[in-house]
Amino acid sequence: MQIPKTFHAMRLWAKMAIILQDGGAHKETFHPTGDGGSKLCMLCRNIWTETCNVCDEDGTDLLMCNVIKTANLVLATSKQLRKTARYLETKVGVMTGEKFTNLQQALGITHEPYGILLDRTLDTIVQPTEVFMHDWMHLLFVSGVANLVVYLTFESFIGNDRKEVYEHFRNYVSVWHWPGRLHGSGLSEIFTEKRKDSHREAKRIKCQASDMLCLIPVLALFVQTILLNTGLCGDECRAFLAMADMIELIFSTTRLKVDPETLKASVELFLELFVRAYGYDWLIPKFHWLLHLSIILGRFGVLLNCFALERKHRVPKRYSTEITNQSKYDSRSLLMEVTCHSLAGITNPKVFDFEIGLIGGKPATKKVRAMISSMLELTAQHEILVAIESRFNALATCKRNDVILVKVGDASIKAAKVLLHFEVMSVSLSLVSMWDLHSSDSNLGISKWYATDATELIETQDILACLCHTKLRGGLVQVLLPPEFR
């Protein structure tokens, strides 16, 4: 092929650092037998399922099931994984049928002739055990640990003749409000009578992963202040609260430096309390992956998740639902639509802009302009842009009417409600109603504030966090505090 003169050949060099996937994707990449196999974890040499009985037959006491301590894991190396896969390769054609199937089951690897573990050219490039990162979103919230634990917590109260627990929590959730970007207005509908039957049939809470992440802090307050005080199901409530603390710690790794040892202790405490409440029977394989999170955090310093990647699924769904004229070119047509959509998106000059400031700012209306000009003593020459949403740091945005924490001075922190985001002379500002503190409880992770109408101008960069909140009697508003502000 003749290279056009305008084309400049480039060679990019990269070092393989992290492969982030859920269990199914890892299975397609490295071909472990996965959750359905006897050896459920490709990163561990000694972990087997209880149902396969292999641990009962092992006379060395090296093989284990139902492990809830990181210290009991015997970790595999990339060299050992490749050795196992290549031993299996030597049995192709020698062993057939059921014997070969049983060998794959026993070794924990499915033979794939063109798999990564069999590609000799990748031996010095891809080290599976060193680049492996399990997505904690799928682990916790996609038919995951949280979905199961919430279901079991509610079931334990139903079993103690508290059949209205779903209804009570639905009413409790309905009075809470989430930041605008989280779309939390319909979360209470997850616990309707119809959905309740669906949850109980599936033996887990069925909802979007992002919905469950939003619900966990409110659920934790519900369990701690209401369910625990009934005197029923104490072990089950404490197991749930330990899980909520663990999830909070995992989620905090996206913005805070979390010590791997602290995460390990939190995971092990949760697993210990869960087993005390429910025994080992409910320990699905995703519980085991929790033990690897502190190891992964220690290795990479981060725990990545797939929330943003999963949202990308909406783009092909958006175009595929419109295809009604079926033909052999459907896939190509869909690929073209998705490609054009993505290319159009990145033409926006601010698509990768994470600087503090307005998102989609537009000129202010005459009324808003007059108000701002009066406050700041501006002239007609000054351009004023306004927006519903503004970025207050590289990782987060807030919208109008959100309840926020604001830095006031060098040390003080206050709650406030956002009334307006605007920008003047390239400075991002927010008009807020500043509130007065009533009380704070660090154990519950809440604070209560008197909502006032006193307005103040703040720099948008002084916003610290957006808060989940609920209105109380007497003009009080109760908010859930992020862990770093308790």
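See the structure above.
Here's what I pulled together on the structure shown here. (Residues numbered from 1 in each chain as written. Predicted model: local features only at pLDDT ≥ 70, side-chain atom pairs only at ≥ 80, totals over all residues. Heavy atoms only, no water.)

Residues other than glycine seldom take positive phi values, yet S143 does so here, at roughly 50 degrees. With respect to the secondary-structure elements, S143 resides in the loop between α6 (136-141) and α7 (145-158). With phi around 65 degrees, D161 is a residue other than glycine that occupies positive phi space. (Helix = DSSP H or I, 4+ residues; strand = E, 2+ residues; numbered from the N terminus.)

With that settled, consider the sheet that holds strand β8 (residues 396-399). Reading across from one edge, β4-β7-β8 is the order of the three strands in this open sheet, with antiparallel pairing throughout. Among the strands making up the open sheet, the edge pair consists of β4 (357-359) and β8. Averaged over neighbouring strand pairs, the angle between their axes works out to 40 degrees when direction is ignored. Bridging between strand β7 (residues 389-393) and β8 involves four bridges; their strand directions are antiparallel. Looking at the pairing, E389 lines up with K399 of β8. (Pairing = 2+ DSSP bridges. Axes fitted to C-alpha atoms, helices over the stretch in contact; angles between N-to-C directions.)

Relative to the 22 Å expected for 16 residues at 1.5 Å per residue, helix α13 (residues 285-300) spans 23 Å between its end C-alpha atoms, a close match to the ideal helical length. The largest bend in α13 comes to about 30 degrees, at H292. Taken residue by residue, α13 has K286, F287, H288, W289, L290, L291, H292, L293, S294, I296 and L297 as its buried positions. Of the surrounding elements, those touching the buried residues of α13 are β2 (132-134), α6, α7, α11 (234-252) and α12 (260-278). Looking at the residues trailing α13, positive phi occurs at G301, about 80 degrees. (Expected span 1.5 Å × (residues − 1). Bend = angle between axes of the 7 residues up to and from the residue. Buried < 20%, exposed > 50% of the residue type's maximum accessible area, 1.4 Å probe, protein only. Contact = heavy atoms within 4.5 Å.)

What is shown is where atoms sit, not what they do.
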